[in-house]
Amino acid sequence: MIKSKFLGWLALFLLAGFAAAPARAADDKSPQPYVVIVGIDQYADPQILPRRHAEADAKALYDVFTNKSYLGADATHVRLLLGTKDAKRDSQEATRANVLDALNWLAEKARRDDLVLFAFVGQGAPLGDRTCFFAKDSTFKGRAKTAVASGDVQHAIDKIKSQRFVAFLDVNFLGFDAGKESVADPDISKLYRDLIGKEDDKGPATSRVFFLANTGLKPSLEQKGHGIFTKALLEGLKGKADTEGYEPDGVITVSELAKYVRKQVPMLAQTAGKTEEERSQFPLVLEGQASDFVIDLNPAVTPTVTRRVAAFDKIADANKLPRDIVEEGHNLLTRMPKLEGQQTLRKAYQKLADGALAVAAFKQERTDVLAGMRLTEADAGAYARMVLHATDVVRKGYVKPVNQGQLVDWAITGMYKLIEEKVPSKIKERLDNVKGMQRAELLRVLADARQHLGKREDLAEGKDITLSLHPMMRKLDLHTDYTDPETLKRDAVHYTGHFSGIGVQIRRNNTKDMLQVVTPIIGSPAYKAKMYAGDVITTIVREVDSDGKALAKPEVIPTKGMSTEDAVKKILGREGTPIKLIVEREGNEKPLEFSLLRGRVEMETVLGHKRSTDDSWSYVIDPENQICYVRLSQFSEHTYRDLARVMRDLSKAGIKGFILDLRFNPGGLLKSAVHISDLFIADGMIVTIRERDGGETSYVGRSEGSYTTFPMVCLVNGWSASASEIVSACLQDHNRAIVIGSRSYGKGSVQTILPFEETGGQLKLTTATYWRPSGKNINKASTQGRLEDEWGVTPNKGFVLALPTKEFNDLQDHQRDSEIIQRPDRRGKEATKNGFRDRQLDMALRYLRGQINAATQKTAAAPAKKAG
């Protein structure tokens, strides 16, 4: 009786909570897994490239998902579509009609609590401004009618009711021979934005997770008969991903699988890849789920779980344990909790089930653990007062009126959502009427909501404030936010333009699984000590902490497996404090040791077109025509100072044409944008700031010290935002510069930074909008965002040059590569990747050369004046 009772309950827990159990029978009323898997090796159209191992990958996934020791999906709930018939697995032909029918079948059959899995291994291609998946009967030329369009997939997924949808996509969207057809690069970001679904006040439209083999713009690597992406999936699903907590718990959650795949695919790429680019392949996991959920079982552990739950049920029956303790025991014994307190409680239940703890001793231990997890009323009250104070600041300063109760609602529901907890019904009932609450009531509901969650590490040390204020403020607009003290310290460089450290940019070296220097920063301690680009940091040695306080024992920290974020925390520190790095350098047999003193490091924000031999920037891009070029990477505190110095130096030698490159510049400080605009106009309006109450503040230029005698181009693109748009709009409206490139981002809002003294963090509020000198709107969010609406900065007529995705990405890489300070023995040897040409820059140069030539001819044609 006990065994039967447990197995029935386990099936209910795993099915209703998220997956199928091996012991259950198919039941129309209980939640079920539904699976569609597509794999195609060979295509009927020779223009579509073959895909090795696609069908082997699909079959292997089918075998795991239908195996009763794992997911145990019923055969009637699984559709396998292959390029070649597999009678053993009862596959269907992977035609376009069958793929669409399978997707519609998922939409028809799957219910809210069912687990839905969709896998596609094969080739794809661009289709207009979207993408498509090739079916077996697709043709490249006729793909608009014969392929499965991403819109078709999106439409089918949108109809699926399940809140537990997972897709595994190993698709190369360049898997074709285009022949003579000119094909634009696919915009993969649009595909995945569409598939994840739009988020509303209640969260994502559905709970969706997408596992992607790579960026979708390259073939997936292969190893021993499978793609490395599928190989990692199979290993994880068969038990290796069951790692959260202090021991495997017998179930594999979607977050556990994501963590395993993110780690394992790069490791497999290191052995399967033949080039550095191949060895650097990594997967992407796009998560839109409202909560973590079970995706598979680990058969190596489930027998232990079964035995323990059966033993616990027997003890519960014999000792008439209360229902809440029985339910709590089932939950903890069958699923590893994430919180340390809950894990301690789980161990007590395990000891009880194993006979290592008497019932009386268990009850006392449980009481002690729960007592340690309770939050005091004083702490809950302190949390409530801080959140409410933040709402006061928002209501006073935000650009639009906002209800305080609504802000409190967003703070509570946002925190619960981020920690994957359900808002208690009693709290939810009060939130339904929150907009009309008085201040005392708002404080009470905040305190009660926080106290219900108790003491937990994911809310400790101010995290509860961050997890409340961040979602609360982001509900207002994308640029209003709360920044916690740690993040504030890390990101301060974006506003100030300087930080205290050794002055290196680092990234992961996936081949060595260590940290690699991308470039030293000119003038920094690392630069002066002759650390070079490409150096691999193997060990960080600290005898003092980041504030200079002596450590009881020196820290010797290997960087193998270390994240860049953790490394930055260890390397950054107070000016004048010591740190030691052990480095491997190509060409050196022995490791190098660098003993450094941290110092003030200034980020370069005024960049030229290439490095000179002394690592400084060269700003003269066309010496013959005296055309100069400056790229601003952001608008920090010292950007205007540095640009003014550069302009003074260049003007001494003479400027006949000038290019100001603001592409990929996200903006920065308003005062920096105003001063820089004033450098290039004689006088007149620069920008107008409009406040919530209708008040206006105008910034006007002055002619003194301005550079107005040469023709000028300003380059912008879709990532040029905020301060970049102030400058480019000012130059365009004053007819001072021709704007070339593509339409800018459209961020026409002003953010005010306010210190939040309660935590040491900051509140960033949208407090006003800014307007062009012409009075036209810049802010895209103030419109419907359509192409025909008035927003952003559009290049001048005849000078619009939008780049396809690949060229856009290559441009960004090219700019980033140009900033690298190369090793002395490699200066001047770096080649432009794949012969890249900056077509927007070329257009700017052609325009300026034409203007200079026309001015020269006009001067030459002017009649000579007679001497008087």
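Residues numbered from 1 in each chain as written. Predicted model: local features only at pLDDT ≥ 70, side-chain atom pairs only at ≥ 80, totals over all residues. Heavy atoms only, no water.

Colleague: Which parts of the structure should I look at to understand the overall build of the protein?
Modeller: On a plain count of helices and strands, the protein comes out with 27 helices and 36 strands. Projected onto the principal axes, the alpha-carbon positions of the protein cover approximately 120 × 70 × 65 Å. Taken over 868 residues, the protein has a buried fraction of 53%. Within the protein, residue pairs in contact and separated by at least 24 positions form 70% of the contacts whose partners lie at least 6 positions apart. (Helix = DSSP H or I, 4+ residues; strand = E, 2+ residues; numbered from the N terminus. Buried < 20%, exposed > 50% of the residue type's maximum accessible area, 1.4 Å probe, protein only. Contact = heavy atoms within 4.5 Å.)

Colleague: I tried to follow the pattern of salt bridges on my own but got confused; where do I start?
Modeller: Pairs may arise between side chains of opposite charge once their charged atoms sit close together. By the definition in use, this model includes 51 salt bridges. For the salt bridge of aspartate 63 with arginine 89, the shortest nitrogen-to-oxygen distance reads 2.9 Å. Taken together, the residues span a long stretch of sequence, with aspartate 63 in helix α2 (residues 54-66) and arginine 89 in the loop between β2 (78-82) and β3 (92-93) at a distance of 26 residues. Given a relative accessible area of 32%, aspartate 63 falls into the partly exposed group. Residue classification places arginine 89 among the buried residues on the basis of a relative accessible area of 15%. Across the salt bridge formed by arginine 663 and aspartate 838, the nearest N and O atoms sit 2.8 Å from each other. (Salt bridge = Lys/Arg side-chain N within 4 Å of Asp/Glu carboxyl O.)

Colleague: What exactly am I supposed to notice about the packing of aromatic side chains here?
Modeller: A ring pair, where both rings are aromatic, is described by two values, the distance of the centres and the angle of the planes. Under the defined criterion, the tally for this structure stands at 17 aromatic pairs. Considering the side-chain rings of tyrosine 43 and phenylalanine 134, the 6.4 Å spacing of their centres and the 70° angle between planes classify their relative orientation as edge-to-face. With a gap of 91 residues between them, tyrosine 43 in the loop between β1 (33-39) and α2 and phenylalanine 134 in the loop between β5 (130-133) and α4 (143-146) connect regions that are remote in the sequence. One aromatic cluster in this structure is built from Phe65, Phe168 and Phe211. In this structure, lysine 347 packs its charged tip against the face of tyrosine 246, placed 4.6 Å from the ring centre. Looking at arginine 690, its charged tip hangs above the ring of tryptophan 771, at a distance of 4.0 Å from the centre. (Phe/Tyr/Trp six-rings, centres within 6.5 Å; stacked < 30°, edge-to-face > 60°. Lys NZ or Arg CZ within 6 Å of the ring centre and 35° of its normal.)

Colleague: Just checking my understanding: could you explain the packing of α2 against helix α7 (residues 228-240) for this structure?
Modeller: Two measures define how a pair of helices packs: the angle their axes make with one another and the distance between the axes. At a closest axis distance of 10 Å, the pairing of α2 and α7 adopts a crossing angle of 10°. The angle between α2 and α7 places the two elements in the roughly parallel class. On α7, the residues touching Asp57, Ala60, Leu61, Val64 and Phe65 of α2 are Thr230, Leu234, Leu237 and Lys238. For the contact of α2 with α7, the per-class residue count stands at 6 nonpolar, 1 polar and 2 charged. (Axes fitted to C-alpha atoms, helices over the stretch in contact; angles between N-to-C directions. Parallel < 35°, antiparallel > 145°, perpendicular 65-115°, else oblique. Nonpolar A, V, L, I, M, F, W, Y, C, P; charged D, E, K, R; others polar.)

Colleague: Can you help me understand α7 in this one?
Modeller: Every α-helix carries 3.6 residues per turn, so stepping three or four residues along brings you back to the same face. Under the 1.5 Å per step criterion, the end-to-end length of α7 is only 15 Å for 13 residues, more than 12% shorter than the ideal 18 Å. The buried count for α7 comes to 11 of 13 residues, which makes it a mostly enclosed element. Where α7 is concerned, the buried positions are Ile228, Phe229, Thr230, Lys231, Ala232, Leu233, Leu234, Glu235, Gly236, Leu237 and Gly239. (Expected span 1.5 Å × (residues − 1).)

Colleague: Help me out: how do you make sense of the nonpolar core in this one?
Modeller: Soluble, globular proteins show a tendency: their nonpolar side chains are buried together. One finds Val38, Phe118, Phe134 and Leu169 to be the most contacted residues of the largest nonpolar core, which totals 45 residues. Broken down by element, this core gets its largest block of residues, 7 residues, from helix α3 (residues 96-109). (Core = buried A, V, L, I, M, F, W, Y, C linked by side-chain atoms within 4.5 Å.)

Colleague: Would you explain the packing of helix α24 (residues 670-680) against helix α25 (residues 723-733) in this entry?
Modeller: α25 packs onto α24 with a crossing angle of 20° between their chain directions and a minimal axis gap of 9 Å. On the basis of their axis angle, the class for α24 and α25 is roughly parallel. Our pair here, α24 against α25, has a crossing hand that is right-handed. Between α24, through Leu670, Ala673, Ile676, Ser677 and Phe680, and α25, the contact on the second element is made entirely by Ala723, Ile726, Val727, Cys730 and Leu731. Of the residues contributing to the contact of α24 with α25, the split by class is 9 nonpolar, 1 polar and no charged. (Left-handed = near helix turned anticlockwise from the far one by under 90°.)

Colleague: Sorry if this is basic, but what is going on with the environment of serine 703 here?
Modeller: Tracing the backbone shows serine 703 in the loop between β32 (696-701) and β33 (712-716). Given the relative accessible area of 39%, serine 703 is considered partly exposed. C-alpha of serine 703 to C-alpha of serine 255: the two residues are 448 residues apart in sequence and 59 Å apart in space. The contacts of serine 703, once residues within four sequence positions are left out, are Ala682 and Asp683.

Colleague: What should I look at first to understand the side chain of threonine 639 in this one?
Modeller: Tracing the backbone through its elements, the reader meets threonine 639 in helix α23 (residues 639-653). Among all residues touching threonine 639, those that are not within four sequence positions of it are Thr605, Val606, Leu632, Gln634, Ser672 and Ile676.

Colleague: Please clarify how the state of the cysteines should be interpreted in this entry.
Modeller: Cysteine pairs can be linked by a disulfide, which is a covalent bond between their two sulfur atoms. Overall, the coordinates contain 0 disulfides when judged by the stated rule. Sulfur of cysteine 730: no disulfide; nearest cysteine sulfur belongs to cysteine 714 and is 10 Å away. Cysteine 730 sits in the buried class, given a relative accessible area of 0%. (Disulfide = S-S within 2.5 Å.)

Colleague: Would you take a moment to explain the environment of alanine 526 for this structure?
Modeller: With respect to the helices and strands, alanine 526 occurs in helix α21 (residues 525-528). Put simply, alanine 526 and leucine 597 are 71 residues apart on the chain and 9.1 Å apart in space, counted from C-alpha to C-alpha.

Colleague: Honestly, the side chain of threonine 230 in this entry has me stumped. Any pointers?
Modeller: With respect to the helices and strands, threonine 230 occurs in helix α7. Here the side chain of threonine 230 touches aspartate 57 through a polar contact of 3.1 Å, side chain to side chain. Not counting the four nearest positions on each side in its chain, threonine 230 is found in contact with Asp57 and Leu61. (Polar contact = N/O pair within 3.5 Å; in protein donor to acceptor, adjacent residues only side chain to side chain.)

Colleague: What should I look at first to understand the confidence of the model for the protein in this one?
Modeller: When pLDDT drops low, the exact placement of atoms in the prediction is not to be read closely. On average, residues of the protein score 89 in pLDDT, and 93% of them are at 70 or above. A low-confidence stretch, residues 1-27 (pLDDT under 50), is modelled with 64 contacts involving residues beyond four sequence positions or located in other chains. Residue range residues 200-205 is modelled with pLDDT below 50. Its contacts to residues more than four positions away, or to other chains, number 10 contacts. (pLDDT = per-residue confidence, 0-100.)

Colleague: Explain unusual backbone geometry to me, please; I cannot follow it from the model alone.
Modeller: Keep in mind that most residues, glycine aside, have a negative phi and that most peptide bonds are trans. The phi angle at aspartate 90 is positive, at roughly 55°, despite the residue not being glycine. Mapped onto the elements of the fold, aspartate 90 is located in the loop between β2 and β3. With phi around 55°, glutamine 626 is a residue other than glycine that occupies positive phi space. Relative to the helices and strands, glutamine 626 is located in the loop between β28 (620-622) and β29 (627-632). Glutamine 626 gets classed as partly exposed once you look at its relative accessible area, which sits at 23%.

Colleague: Please explain helix α8 (residues 254-272) as it appears in this structure.
Modeller: Compared with the 27 Å implied by 1.5 Å per residue over 19 residues, the 26 Å span of α8 between its first and last C-alpha is a close match. Looking at α8, one finds that the buried residues are Val254, Glu256, Leu257, Ala258, Tyr260, Val261, Gln264, Val265, Pro266, Leu268, Ala269 and Ala272.

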